[in-house]
Structures are given as C-alpha cells and as structure tokens.
Amino acid sequence: MPAIKYEYQNENMKLIKSNSITFGGDNKQMPTNQLFPETWVDSYADYLFNYAVGRVSDAEIAKDLVQETFFAGLKSAKNYKGDAAERTWLIAILKRKVIDHYRKINSKKGKAEVRMNYNASSDSEGDWLEEQVADPFSNFENDAIENEELGLAIHDCVSKLPKKQSMVFKMKTIQGMSTEDICNELDINPSNLWVMIHRARTALVGCLNQNWFEL
Amino acid sequence: MTSCEKAAVICNKAQYNEASFLDKLKLRFHLFACKNCTVHSEKNAKLTSICEKAKLRSLSEQEKVLMKEFLKKES
C-alpha cells in the first residue's frame, strides 16, 4: 500500500510540476510594461527630481539631470524590454546620469584625490585624524536617509492622486503658494480649493498608512 | 456647534496657518465633543509634520512645461 501511495504522490507532484511549467509559459506571453513618454514629465518628474536632489544637493543640477534622463530614455526607448516598470527603468537611467555627473566634476586627476584638511576654524593641535571619523552615536546620517525615503514615499502617493488634486496639493504644500495665487492660476474658488486639499490629504494619509508607517 | 465638514475645512486651513483665531476656537470646541474629528485632526497634523520633515521639493508647472517642450523638440 505505501508503495502505491508513494507513486500516487509522485504522480501528483509531476502534475503540479507540469502545471507550473505551463503557468510559467503563460507568464511570458503576458503583456509586459510599456512606455508612455508623453506622460513622463507629469508622472515622474517630481519623483526623479527628489531622488536627484538627494544625491547632488543642487536643485539646478538635479533639474538638468532629470531632463537628461528623460532625453536618454526617449533615445533608448527601443531598447526597453518591458521587464521593469517605467519608473524603475527611468530611475536606473538617472542613477547612471548621477554617476556621470560626479565623474565629470572629478575628471581632473587631482580632484579625485581624497584630501583631508584640518578644520581651519578650530585649533590645529590634537588628534585631528580621529576627529574626522564619523561619530558612531550620531543619528544624523540615518535621519537624512530616512527622510529621503519618506520624501520619495510621499511623492509616490501624490502621483497616485487625481491630476488636479495633486497639482493643488503640490502648489500649496511644497511650493507654499498662497490660496489666492492658486485660485487665480487654476481658476477655481477658495472653497473648491479647500475641498480638493481635503480630499488629497485624506487620500495621502490612507496611502502613507500602506506604504510608510502608521500615521 | 460647528459641523464636521466645517471643522475639517478649518483643520486643513490650520495646517497652512490660514485659520483665524475664531476658527481655531471653534475647532477646539468641536474636537472636544467629536472623537472622529479628533482622530482625523491628529492624522492631518502628523501629515503636515512629515511633509515638513521630508523637505519635499518639486518642479514648478512652468519648469515642467519647459521640459516638455524641450523633449518634444528633441524627439
């Protein structure tokens, strides 16, 4: 009896195995990701911009890098295989652009050297080499990393909002524009604006609850 | 007594420092009585604080339009 059972189990396993193979085959035929370059600026510009600012610490350079990324994306759109999502693909290009940027500004050999200058404002005596080492008890660096990730998580959620709501939210919260200016620019009345802000904020709290920590 | 809808509007205005003193007073009274709005108000304030903490940046609409034009021209 046990021998038959064993065979039976084996049969089952074969069955499962062959099933998974056909499933895998189906997977390959599934429609893959596609590129929609005309929506790039609206959908990803802010996300990429935040990513770049975190790495080059200069808004103007970051803006140029984002633009170059879109441009490079357009040029190599035919090489896009559809394995990664659109944004992941663009981020990968942006990463190369950031590296290229640092290569460019460090192109002269001398600039590539690591120089340690003793802080001119303090006394030049003492264990200066030891003082250059990062403080192991400092939370500052972790905070910076965490805040950058938080910023990207917020932008991710903002990009999921309806276009007008995300626009109003960005103008009000990020660019700090006054209610009056926004109303003039978008041709809406203040109560309309506050309704949109309310909806955007409620949706954001819900989204961040899923993608970040409990609010 | 202020309605929950009005309280929500005041709460949102308060996040951008645009609520008047009287509005804030009304909101306080409402929150004293309404538990749901208290929860909402706390979450809303938390959202404001994390938005500040994250030092969000974005490109202005104008910059985006310029970027779009550039890409259209180059492609």
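Residues numbered from 1 in each chain as written. Chains lettered and ligands numbered in written order. Predicted model: local features only at pLDDT ≥ 70, side-chain atom pairs only at ≥ 80, totals over all residues. Heavy atoms only, no water.

Re the confidence of the model for chain B
Residue and element names in this part refer to chain B.
Step number 1: Mean pLDDT over chain B: 88, with 100% of residues reaching 70 or higher.
Step number 2: Within chain B, the lowest mean pLDDT, 84, falls on helix 4 (residues 61–74), and the highest, 92, falls on helix 2 (residues 21–33).
Step number 3: Two summary scores accompany this predicted model of the complex, namely pTM at 0.69 and ipTM at 0.85. (pLDDT = per-residue confidence, 0-100. Helix = DSSP H or I, 4+ residues; strand = E, 2+ residues; numbered from the N terminus.)

Quick notes on the packing of helix 3 (residues 59–75) of chain A against helix 4 (residues 86–105) of chain A
All names here are of chain A.
Step number 1: Where helix 3 meets helix 4, the closest approach of the two axes is 9 Å, and the angle between their N-to-C directions is 125°. Here helix 4 runs oblique to helix 3, going by the angle between their axes. For the pair helix 3 and helix 4, the sense of crossing is right-handed. Between helix 3 and helix 4, the contacting residues are Ile61, Leu65, Val66, Glu68, Thr69, Phe70, Ala72 and Gly73 on the first element and Trp89, Leu90, Ile93, Leu94, Lys97, Val98 and His101 on the second. (Axes fitted to C-alpha atoms, helices over the stretch in contact; angles between N-to-C directions. Parallel < 35°, antiparallel > 145°, perpendicular 65-115°, else oblique. Left-handed = near helix turned anticlockwise from the far one by under 90°. Contact = heavy atoms within 4.5 Å.)

Some details on the interface of chain B and chain A
Step number 1: Taken together, the contact between chain B and chain A spans 32 residues of the former and 39 residues of the latter.
Step number 2: Carbon and sulfur atoms supply 67% of the area buried between chain B and chain A, which totals about 3500 Å² over both sides.
Step number 3: The largest contributions to the chain B side of the interface with chain A come from Tyr16, Leu56 and Arg57 of chain B, which together make up 19% of the buried area.
Step number 4: At the boundary of chain B and chain A, one finds 4 salt bridges.
Step number 5: We note a salt bridge from Lys64 of chain B to Asp46 of chain A, for which the minimum N-O separation is 2.9 Å.
Step number 6: Counting only elements with at least two residues in the side of chain B that touches chain A, the list comes to helix 1 (4–15), helix 3 (35–53) and helix 4 of chain B. (Buried area = accessible area lost by both parts, 1.4 Å probe. Salt bridge = Lys/Arg side-chain N within 4 Å of Asp/Glu carboxyl O.)

Here's the deal with the packing of aromatic side chains
Residues and elements named next belong to chain A.
Step number 1: A complete count under the given rule lists 5 aromatic pairs over all chains for this structure.
Step number 2: Grouping aromatic residues by their ring pairs yields a cluster made of Trp40, Phe70, Tyr80 and Trp89.
Step number 3: Across the ring face of Tyr51, the terminal group of Arg55 is positioned such that the distance to the ring centre comes to 3.7 Å.
Step number 4: One residue, Arg87, lies across the ring of Tyr47, its end atom 3.9 Å from the ring centre. (Phe/Tyr/Trp six-rings, centres within 6.5 Å; stacked < 30°, edge-to-face > 60°. Lys NZ or Arg CZ within 6 Å of the ring centre and 35° of its normal.)

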